[in-house]
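# Fold and geometry: a report
Each chain, letter by letter, is given below.
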Amino acid sequence: MKKTYREIRSELKEKVLEEVSLSREMTDEEVRELIDQIVISKAREYGLCYEDKRQLSRDIFFAIRKPDILEELTTDPGVTEIMINGTESIFIERSGHLMQWDKTFDSIEKLEDVIQQIVAKCNRCVNEASPIADARLENGSRVNIVLAPVALNGPIVTIRRFPEHPIQMKDLLRFGAVNEEIIEFLRKLVIAGYNIFISGGTGSGKTTFLNALSDFIPKDERIITIEDSAELQIQGVLNLVRLETRNANVEGCEPITIRDLIKSSLRMRPDGRMMKTRKSKRNKKRLPVPYSFPDHAAGDLVLFLHGELIKVGQKAQNLLPLFLGAFQCCRVPSFLQ
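All of the points below concern the structure found in this document. In this text, all values refer to a predicted model and were calculated from it rather than measured experimentally.

Criteria and cut-off values
Residues numbered from 1 in each chain as written. Predicted model: local features only at pLDDT ≥ 70, side-chain atom pairs only at ≥ 80, totals over all residues. Heavy atoms only, no water. Core = buried A, V, L, I, M, F, W, Y, C linked by side-chain atoms within 4.5 Å. Buried < 20%, exposed > 50% of the residue type's maximum accessible area, 1.4 Å probe, protein only. Helix = DSSP H or I, 4+ residues; strand = E, 2+ residues; numbered from the N terminus. Contact = heavy atoms within 4.5 Å. Pairing = 2+ DSSP bridges. Salt bridge = Lys/Arg side-chain N within 4 Å of Asp/Glu carboxyl O.

A few words on the nonpolar core. Core analysis: the largest hydrophobic core is formed by 25 residues, its most contacted members being I82, I84, I90, F105, V143 and I145. Those elements giving two or more residues to this core turn out to be α4 (70–74), β1 (79–85), β2 (89–94), α5 (108–120), β4 (132–136), β5 (142–146) and β6 (156–160). The dominant element in this core, judged by the number of residues it contributes, is α5, at five residues. Excluding anything up to four places from it in sequence, I145 contacts I115, V119, V126, P131, I132, A133, I156 and V157.

Right, here's the structure in full:
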């Protein structure tokens, strides 16, 4: 009985792992050469054509040295979102349209291995005790992971890819998202040092817009970014400090929160802070902002990722007075009077 492609790939992968040297670290090129040798040696036995051999060599290399089948998607510039629903299905977003991909992970164990590989590279931890985590790939893509017992149909992974070249204001103008009058007004606000809140629903372009807006920041300023999961792509600022929160882990490391990073940033001689947080719980009445923050808030560029800013503001009663006080202590530029 003729074996399926998946069975052949699994057998050849095991053969490669048996031949991989454990006495030293092999380079990617050496692993590729080893894979090619084994695939060619088994080509006649499995009746492989040239295209099969090429595909097998690539898939086996991705499974050993890369995030398995995800490597093909994470390197495809046309794919903007990847949604993994356990081992049952994988959906992708391409050119604004959702479609089901024709590949899936062979097993839950392999998918979990890939997940642990992803979170380990950004010092995050995800397991049954802490089944939800945010992480990122080496190319800056945002990753959200949900495991059992929260996820009922296997590990759920959602990857949001960002453009390799950040979208600028001139691009937004070309798309028709803004006009020249709005761009000039926003440029004056940024240069004048006004606090700016950016809000919107999921996928509405908050991070993209903030990246474009940051191009107006004077290039001689010292900017500090504070994020739950690093995603901002600030361009043209040489004196840039990037901070990211950290969750507690099984090794006993204490969590480092947004509040901790804000307090620390006040001692870093910042000209501006760009803060990006997740959505706040509706019943949470106190956001983690230290009391010293309003004294230093004037001139910051602040991003809160809240889908409904007004409702969040009504719940966080102590936050708006802080910023209103900061606004009142600012000199109003003539172009706004």
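Once that is clear, we can look at the pairing of β5. Pairing between β4 and β5: five bridges, direction antiparallel. Note on β5: the bridge partner recorded for A135 is V143. If you look at the hairpin formed by β4 and β5, you'll find five residues sitting between the two strands, and G140 has a positive phi there, around 95°. In this sheet, β6 lies alongside β5 in antiparallel orientation, the contact comprising five bridges. Bridge pairing in β6 places R142 opposite R160.

Moving on, we get to the pattern of salt bridges. Inspection of the entire model under this criterion finds 14 salt bridges. Two residues, E138 and K121, come together in a salt bridge whose shortest N-O distance is 3.2 Å. Pair noted here: E138 is in the loop between β4 and β5 and K121 is in the loop between α5 and β4, with a separation of 17 residues, a long-range link. Summarising the burial analysis for this pair, E138 and K121 share the class exposed. One salt bridge connects R124 with E244, and the closest N-O pair in it is separated by 3.6 Å. Taken together, the residues span a long stretch of sequence, with R124 in the loop between α5 and β4 and E244 in strand β8 (residues 240–244) at a distance of 120 residues. Bridged by salt links that share partners, the residues R58, D59, E72 and K103 form one connected network.

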